[in-house]
Amino acid sequence: MTTLSQAVRPGTAPDQPADAAEAPVRGLWRQGLVVFCENRLALVGLGLFVLLAGICFLGPLFYHTDQVHTDLTAVHLAPGEQGNPLGTDGVGYDQLGRLMLGGQTSIIVGLAAGILATALGTLWGAVAGFVGGWADSAMMRVVDAMMSIPSLFLFMLLAAIVTPSVSMLILIIGAFAWLGPARLVRGEALTLRSREYVQAMRAMGGTGGRAVRRHIVPNAIGTVIVNATFQVADAILYVAYLSFLGLGVPPPAANWGGMLSDGLADTYSGHWWLLYPPGIAIILIVLAFNFIGDGLRDAFEVRLRRR
Amino acid sequence: MSESTDPTVRHSSTAGQPAAAQPLLELRDLDTDIALRRGTVHALDGVNLEVMPGETLGVVGESGSGKTMTALSIMGLLPPGGRVSGGQILFEGRDLRSLPADEVRRIRGVRMGMVFQDPLTSLNPTMRIGVQVAEPLRVHERVGRAEARERAIEILRRVGMPRPDRIVDNYPHELSGGMRQRVAIAMALVCSPRLLIADEPTTALDVTTQRQILELIDDLREEFGMAVILVTHDLGVIAGRADRVAVMYAGRVVETAATEQLFRSPRHRYTEALMEALPESAIRESGEHSRLYSIPGLPPDLSRPMAGCRFAPRCRHVTDECRTTDVALSIGEHRHACLHPVPAAPATLPPRVRVEPAPEPADSTAGADQPAATPVLSVQALVKNYAAHGRGLLRRSAGQVSAVAGVSFEVGPGETFGLVGESGCGKSTVGRLAVGLERPTAGQILLDGTDIASLTGRERRRMHRQVQLMFQDSYAAMNPRMRVDAILAEPLEIQKVGDGAARRARIATLLDQVGLSRRVLERYPHEFSGGQLQRIGLARSLALQPRLIVGDEPVSALDVSIQAQVLNLMRDLQRELGLAYVFISHDLSVVDYMADRIGVMYLGKLVEVGPARDVVRAARHPYTQALIDAVPSITPNAATARDGVTIRGELPSALNPPTGCRFRTRCPLAQEICATEPPLAGNGHQVACHFPLRPESSKASARAGAAA
Amino acid sequence: MVRYLITRLGQALIVVVLVTVIAFLILHLLPGGAARATLGKEATLEQLAAFNHEMGYDRPWIQQYGMYVQRLLHGDLGYSYQLNQSVVEAISQRLPKTMVLSLLSTLLAIVLAIPLGVIQAVRRNRWPDYTITSLSLLAYATPIFFMGLMMIILFSQIWPILPPEAPQGFTVAEVLADPAGLVLPTVTLAIVTIAVYSRYVRSAMVDNLNENYVRTARSKGLSERRVVLRHTLRNGLFPVITLLGMYLPALFSGALVVESLFNFPGMGQLFWQAALKRDFPILLGVTVIISIATVVGALIADLLYAAVDPRVRLRGSAS
């Protein structure tokens, strides 16, 4: 079976993409990266995250402070006093060093809880979406039920029963924040399952397993990753709320939410350096993850790139 | 031959025009730009058009030609980023571009009306019909609520709406597509405009409904004494309806003439090529259809600067001059912008026009005449019902949708069986059943004599090698995250054919067969145009060397010139590889061109089956005849000359289909006996009708008799 | 429509039952259970056993759950020894005040979010859109209590026009008698809601403005104002009704924080104090009641949507 001559197939040669010459052949991830980088806010978000994470995790290597022993002789020092660039708090911890330490907790808990929630939700939603029928209805009613319990109430109920620690915080938030991703993934699975390219594959004799492996998972993964970034942002906020409500990690461990809540008590005493730095840090990191998520959403949307 | 003097002289619109007739609308050197994320598309470039009072101007072109942008520019309804950047829009002598916005809005609402393509989305879903129709009256004429309602009912009656006094209180989704389009027309006409712009008004509708709507627009034009601009991609629609035609290509008008003149003697090389690319111009009485002319390549990218004739890169008569000289429309009645025009034809009809009844057909086509071989596909008494039920936990069966109701046909090796019918007739379901995507409720599907229901596991998987499906929208049928090499390798992987190297070799062969270069392998579906995607889809269907390909509307989404490329390719491959096709389409002229035998479906039933030329030229079922009569043809005024079986009313619901002959509720010949179901009777040319329009032609039955 | 109503009611009922199961499981399946949590770490095994026996916690779970549901159906949510009053009584004192706060802030949010969202959609990708979008994101990223504190600093300290504490009245009427005190909690709770709602209105409006029917409306020569107000706004706002229902859990979570910050004597504050004191009857009772409120709220929103939007209303009756 050899090729027919060009004469029989007019239009073969010019029938390439009009811009084939200029547009270099690029992988889908590369194309996505280009789209992501075109979103200025996404780049800002990524930059913010790298900056904050860098300060928190690398900062202590260069800026040594004692975050274990209280120093009641150096309480509530204003920024600049006795070599504390951001002052000290009510028990004498250096505020800048504490911000770094607290940031580590906030970022670790946020990332871990966000990823845990996404993983759990993806599993649950995928099973419900694929199995369908009765199991799907039952599984989704469970999600409905848990979703109708306002999340903070749920977290506090749990936090009141168990003693919060960093890992327990991750578990609690992760164990109840998976509902959103579960719904999302189930919906995605249902729509992808009925796509024409899955039908085309079935018409070739392909099995359900192949549909999941080659078609549904690769197409759903973008949605999942995008959602994970929003989950991380939410988890960081949840940690802050739990700390504010008095159920955060106990000292000497620290996190931005806890520092901010402690700072609330100092509102009237004028110790502004205890209030604003952790507050702004939380806002920045949450914004960063939201920007990254928006950028990723565009990057994963193949159709946006269709001519 | 007064036309075509010096085509390079830019036409000035007042010169050579009889002073008496003042155009209702005149476009002078209209430029429209659309700003996109990357660069600006120059959608219109120096468009000149005139519309006289009371005349119908047809604007025809392929997608991207600027025909819709012309309409939207006139109406001031350009999409976000769109802007008229130069020229004049003179309406009743006044330039709309220089008038204040309020004034233009009033003109748009009162003096002009527009009907859009998609009746399903063009009406506000949450507003009652009457309120929507009467809204221009309320706004522009300050008419009171009660009077507005009365006038809405009145205008709905005039567009042929049954029970208009009740329809006014309905919501759009309670009406069928054709009815909604009538509402849209009523809305455009409620202030008695001087100009009606209809942008692809029937493209989303079935042919029989299309005919009703086009006739309605014609009647209303006379009744209201208004001018009509009919924008369409379908040359046939224009040929039957317009007084004058403007052909557009790549943002320019390339030719305008009186309709009869243009279709008898097209001058621009693009117009000529477009007409030759139509399947109906390649159909020969002998049965061996000639090859379609396919315009090579793709239309130009309008966001880049261009010099010379825009059709030059795809033109077979191109010279160096064409590529550099900017050609303007010539002066006269028949204007064109071509340096090497088609010589003007004498004033007689060319032989291209097809003759009506079928003469003695020669026994030449494949397949149909070799019934001795085992059919590749044999469908016997196929039934498919879908349960229609409510959602949620308290499911209660609300009856059954009868999608396919006892369909039988056979497809021989190397044969093309065309399955034609309007939307909802069940033709796609038959296709999906044939490839095993769905299981029939009853009946048998035999592939090479084997009942596929009896197959299990491995055998069932191997069965899929024999028969492949080709989709209408190849983009949707390809995983957007897979590269073309992975897409083409997938069938081979699923069927475990060969090793990596063998698969790569096979893919290379496939690309050669469908005429694509190796470079496509590293690309993703979203990087291709519609025609290229359809080639890739065809290559994928061929990967397993099937004996039968079921094409579900494989060319319906493509422009005429691209459609010709794909149809030619399909026929070439059939000849080379001995493929059989089931070609499913709503477009009778495409099926006529492609098929050896045709089956006509109506509401889940096969009403007529026979050799293609017999079915199309000597239809026996009234529905088939109505379908044929409704298909617009480029032979001007052919529509009026036909014997005219017109069907009225709406397609009944498949949830509760009529008993007996399912067509009897709309059939002009229906009698009491039609309440009993007519069998599909006949030898070679079968029909399921108690009152067939004509007896089976002696030749057809003789052939079938000889075969049996 | 009737079938939809029955289906939706059935779903809601199942969800409520599941909520009680979940709440029950949380309390009883965790290590140590309610006894350990109530009596503290120092309690002896005997004390625990006595407590469990007294509360019926030593019986099989199914039986315990049965008893729990039976009490629930009789309106008995248990007794709080720490407050020395029945849970139902404590909740019924607090619930109306939380409802007042939620309702006021939701109303405020709707009144502000709709015009903001419309402006964004009409002026999309221009400065009003960018400004409002940035502010919304900022509001969303700020912990509510930090936002509340900023409000207090701004309006009670720097520019002292409003009291920093919510009204302390015992009844709803007393709370309403001090409107100045209600301002800061209501506004604080509303800000995040406004951010969420206006994003939603914006995208609904943008979707609708891209619909073909809008082009048809313009072709009738309607003014842009009429196109937006008569055509797109109606269609865009119908789905917002369901958002009101979906947003309830987040609203109540927000109320919990705001009540704690402003010392507003509502359900949230009750719950917060109970959590700090490990008062489990209250915790469980509030959780169940607030969840039922969410389910009922979402149900009402869905049914309302189905009743007013002709697209849903008629599809429901046809199928």
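Thresholds applied
Residues numbered from 1 in each chain as written. Chains lettered and ligands numbered in written order. Predicted model: local features only at pLDDT ≥ 70, side-chain atom pairs only at ≥ 80, totals over all residues. Helix = DSSP H or I, 4+ residues; strand = E, 2+ residues; numbered from the N terminus. Buried ≥ 20, exposed ≤ 12 C-beta atoms within 10 Å, placed from the backbone. Contact = placed C-beta atoms within 7 Å. Nonpolar A, V, L, I, M, F, W, Y, C, P; charged D, E, K, R; others polar. Pairing = 2+ DSSP bridges. Axes fitted to C-alpha atoms, helices over the stretch in contact; angles between N-to-C directions. pLDDT = per-residue confidence, 0-100. Domains from an automatic or database assignment. Expected span 1.5 Å × (residues − 1). Bend = angle between axes of the 7 residues up to and from the residue. Left-handed = near helix turned anticlockwise from the far one by under 90°. Parallel < 35°, antiparallel > 145°, perpendicular 65-115°, else oblique.

Right, let's get into the overall build of chain C. Counting secondary structure elements, chain C contains 15 helices and two strands. Each of the three principal axes of chain C carries a C-alpha extent, and together these read 85 × 60 × 35 Å. Residues counted as buried form 41% of the 319 residues belonging to chain C. Within chain C, contacts between residues at least 6 apart in sequence are counted, and of these 68% link residues at least 24 apart.

Moving on: the interface of chain C and chain A. At the interface, 33 residues of chain C touch 34 residues of chain A. For the side of chain C that touches chain A, the secondary-structure elements that each account for two or more residues are helix H1 (2-29), helix H6 (127-141), helix H7 (144-158), helix H12 (248-262), helix H13 (267-277) and helix H14 (280-308) of chain C. Looking at the side of chain C that touches chain A residue by residue, the classes come out as 26 nonpolar, six polar and one charged.

Residue and element names in this part refer to chain B. Taking strand neighbours across the sheet as the criterion, the seven strands line up as E17-E18-E19-E14-E20-E21-E22 in an open arrangement whose pairing is mixed. Bordering the open sheet on either side are strand E17 (467-470) and strand E22 (686-687), each of which pairs with just one other strand. On top of the sheet, helix H13 (residues 427-434) reaches strand E14 (416-420), E17, strand E18 (548-552), strand E19 (580-585) and strand E20 (597-602); it is set at about 150° to E19, its chief contact.

Here the focus is the pairing of E20 of chain B. Residues and elements named next belong to chain B. With six of its six residues buried, E20 lies for the most part within the structure. Across the two faces of E20 the burial is the same, with Arg597, Gly599 and Met601 and Ile598, Val600 and Tyr602 all buried. The pairing of E14 with E20 spans four bridges and is classified as parallel. Of the residues in E20, the one forming a bridge with phenylalanine 417 is arginine 597. Sheet analysis places E20 next to strand E21 (residues 605-611), joined by six bridges and oriented antiparallel. Of the residues in E21, the one forming a bridge with valine 600 is glutamate 608. Here E20 hands over to E21 after two residues, with leucine 603 in that stretch at a positive phi of 50°.

Chain-level statistics for chain C give a pLDDT mean of 85 and a share of 92% at 70 or above. In the predicted complex, the global pTM is 0.83; the interface-specific ipTM is 0.83.

So, on to the domain arrangement of chain C. Residue and element names in this part refer to chain C. For chain C, the domain assignment lists domain 1 (2-87) and domain 2 (93-318). A separation of 32 Å is found between the C-alpha centroids of domain 1 and domain 2. The partner domain 2 presents 18 residues to the 20 residues of domain 1 that form the contact. Per element, the largest residue contribution to the side of domain 1 that touches domain 2 is 10 residues, and it comes from H1.

Residue and element names in this part refer to chain A. Counted at 1.5 Å a residue, the expected span for helix H2 (residues 40-62) with its 23 residues is 33 Å, and the 31 Å between its end C-alpha atoms agrees. Of all the bends found along H2, the most pronounced is centred on cysteine 56 and spans about 35°, while proline 60, a proline, follows it within four residues. Restricting attention to buried positions, one finds in H2 the residues Ala42, Gly45, Phe49, Leu52 and Cys56. Buried residues along H2 sit in contact with helix H1 (28-38), helix H3 (95-131) and helix H11 (276-300).

What follows is about the domain arrangement of chain B. Residue and element names in this part refer to chain B. You can read the domains of chain B as domain 1 (23-126 + 171-336), domain 2 (127-170) and domain 3 (377-466 + 546-707). For domain 1 and domain 2, the distance between their C-alpha centroids amounts to 29 Å. In this complex, domain 1 contributes 20 residues to the contact, which on the side of domain 2 involves 17 residues. When contributions to the side of domain 1 that touches domain 2 are tallied by element, the ones reaching two or more residues are helix H2 (101-110) and helix H6 (177-189). Considering each element in turn, the side of domain 1 that touches domain 2 owes the most residues, seven residues, to H6. Considered class by class, the residues forming the side of domain 1 that touches domain 2 number 14 nonpolar, three polar and three charged.

This part covers the sheet that holds strand E7 (residues 195-199) of chain B. Residues and elements named next belong to chain B. Strand order across the open sheet formed by seven strands is E6-E7-E8-E3-E9-E10-E11, with mixed pairing between neighbours. Sheet topology places strand E6 (112-115) and strand E11 (335-336) at the edges, where each strand pairs with a single neighbour. For E7 and strand E8 (residues 227-232), the ladder comprises five bridges, and the chain directions are parallel. Within E8, the position partnered with leucine 195 by the bridge is alanine 227.

This paragraph deals with the packing of H12 of chain C against H14 of chain C. Residue and element names in this part refer to chain C. Where H12 meets H14, the closest approach of the two axes is 9 Å, and the angle between their N-to-C directions is 140°. The element H12 and its partner H14 pack so that their crossing is right-handed. Only Ile290, Thr294, Gly297 and Ala298 of H14 make contact with H12, whose side of the interface consists of Leu248, Pro249 and Phe252. Classifying every residue of the contact of H12 with H14 gives five nonpolar, two polar and no charged.

In this section: the interface of chain B and chain C. Between chain B and chain C, the contact holds 29 residues from the first and 25 residues from the second. When residues of the side of chain B that touches chain C are traced back to their parent elements, those giving at least two are H2 and helix H3 (129-140) of chain B. If one sorts the elements of the side of chain B that touches chain C by residue count, H2 of chain B sits on top with five residues. Split by residue class, the side of chain B that touches chain C holds 14 nonpolar, nine polar and six charged.

A few words now on the packing of H6 of chain B against helix H7 (residues 207-224) of chain B. All names here are of chain B. The contact between H6 and H7 brings their axes to 10 Å, and the two run at 15°. What the angle tells us is that H6 and H7 run roughly parallel. The interaxial crossing formed by H6 with H7 has right-handed handedness. Across the interface between the two elements, Gly177, Gly178, Gln181, Ile185 and Leu189 of H6 pack against Thr209, Gln212, Ile213, Leu216, Ile217, Leu220 and Phe224 of H7. A breakdown of the residues in the contact of H6 with H7 according to their chemical character gives seven nonpolar, five polar and no charged.

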